[in-house]
Structure formats: structure tokens, C-alpha cells
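Listed below are the residues making up each chain.
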Amino acid sequence: MIVVVDYGMGNLRSVAKAFERLGLPVRVSQDSREIEQAEKLVLPGVGAFPDAVENLDRFKLKKPVESFLRSGKPFLGICLGLQLLFTESEEGKGSLGFNVFAGKVRRFPENGLKVPHIGWNQIARAAKRPAPKECPLLEGIPDGSYFYFVHSYYGQPADPAVTVAKTEYGTPFSSILWKGNIFATQFHPEKSQALGLKILENFGRV
């Protein structure tokens, strides 16, 4: 069973429906027990980093998610769910994430570009990764594939080895991260048509 964490931040049902379309068993839940006991966990989200941290605390979901992250079972963060895996964010003073990826979430520099970054953009595999094995999420995904983004902030990891794909929007940023059992995409696979479904299918097979 794939459990989508319901912490009151955005596109939960659209993520669940994408998994349902693939024939994968999925449940949207705010129950801490279900979250800890899930076979796979998905943390999506749309909105502001400090609001997300506040909601996780308010619904008493921070500890169950932390426990799952340590479990070794597959975890997927999507958009804001990716950013919450970082140490901290520029968006809101004192807002701390799960610190899975050491580093900071930063706001895009305007530099003549529209912020937020909204729409289709390409991903490219990160060069010179030390691990010989390709990230399972990228199986069957060609370099240069387009995915759908909606965000004003991006994660900047201290360790470049956790970045498996990058995207360019005024500045290059990490669009897919991977560390052990933990995967994260800055784009929305559930809104990215066939290739987005392929990403979710790959996660379902991990």
C-alpha cells in the first residue's frame, strides 16, 4: 500500500488518482499509524515551507514521517515535499525541514525571469555521479524529457552526489534527488502526462 500524507497542503487527491490510474493501491491518510506502517510513503505539497512545517506539527505528523524516513522503505517527496527534506529554507525564518538532504531551499533570483517558475521544462541527468547505478525513477526516461513545474524556491544540496537530474531556469537546480530509499522530484509527476506517470510507476516498482 502506498500512503499519501495528508497534511493539508495541496494536491493530494491528484497524486492518489495518478497512482490509481496505474493500478497501484494507494490511500490518502492523516493517521500516524498508517503512515508509519505504509509500504511506501509519498509527501506531496503545494504552498509555503513554513505553513507546511506548521501543519505537520499541528497534525502530529512530523514524527511518523521522520520514523518512516529512517525505516529504509521507499519514500517520495514531490515539489514542496522535496523542499521539506532539506535542512532549512529561506522561506520563513526558523523553519526547519527533515534534514535528509543537508542544504538550504533558496528563492529563484528574478533576473528578468518570472517567479514562480510555472510550466513545462526539461530535465537532464546529472553528470559524474559516483554511484554506477542509475536512479530507479529515471528508468525509461530520456534525457531532455519535459515535466511540469510550479515553484518559487529550489533545494540546493550540500552534497552534489544526491542530485540525479537537473533543470535550468535562470540558474541550474536539482530537479530529482536520491539518497538510499528516499527519492524526490521538484516537478509534479502527477501533472506531467505519460512521462510523469512513468516516474510514479517506477517508484511503485522500487
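Residues numbered from 1 in each chain as written. Predicted model: local features only at pLDDT ≥ 70, side-chain atom pairs only at ≥ 80, totals over all residues. Heavy atoms only, no water.

Visitor: Mind showing me how you'd approach the side chain of T167 here?
Guide: Mapped onto the elements, T167 comes out in strand 11 (residues 163-169). From its side chain, T167 meets the backbone oxygen of Q122 in a polar contact 2.9 Å long. Within the structure, the side chain of T167 is placed 2.9 Å from the side chain of S175, a separation counted as a polar contact. Setting aside chain neighbours within four positions, we find T167 in contact with N121, Q122, I123, F149, P172, F173 and S175. (Helix = DSSP H or I, 4+ residues; strand = E, 2+ residues; numbered from the N terminus. Polar contact = N/O pair within 3.5 Å; in protein donor to acceptor, adjacent residues only side chain to side chain. Contact = heavy atoms within 4.5 Å.)

Visitor: What's the story with the side chain of K40 in this structure? I'm lost.
Guide: As for its placement among the helices and strands, K40 is situated in strand 3 (residues 40-43). Of the side chains bearing the opposite charge, E39 lies closest to the buried K40, which forms no salt bridge; the N-O distance is 6.4 Å. Engagement of the side chain of K40 in a polar contact is seen with the backbone oxygen of F203, the distance being 3.4 Å. Polar side-chain contacts of K40 include one of 3.2 Å to the backbone oxygen of V206. When near neighbours in sequence (up to four residues on either side) are disregarded, K40 contacts M1, I2, V3, F68, P74, F203, G204, R205 and V206. (Buried < 20%, exposed > 50% of the residue type's maximum accessible area, 1.4 Å probe, protein only. Lys, Arg positive; Asp, Glu negative; His and termini not counted. Salt bridge = Lys/Arg side-chain N within 4 Å of Asp/Glu carboxyl O.)

Visitor: Just checking my understanding: could you explain empty space enclosed by the protein for this structure?
Guide: A water-sized probe rolled over the atoms picks out the places where empty space is left. Throughout the structure, instances matching the rule amount to one cavity of 30 Å³ or more. Here the largest cavity is characterised by a volume of approximately 40 Å³. Looking at the largest cavity, the residues that line it are V53, L56, K62, L84, L96, G97 and F98. (1 Å grid on protein atoms, 1.4 Å probe; cavity = no way out; pocket = protein on both sides within 12 Å on 5 of 7 lines; lining within 4 Å. Points joined across faces, edges and corners; volume = space filled by probe spheres on them.)

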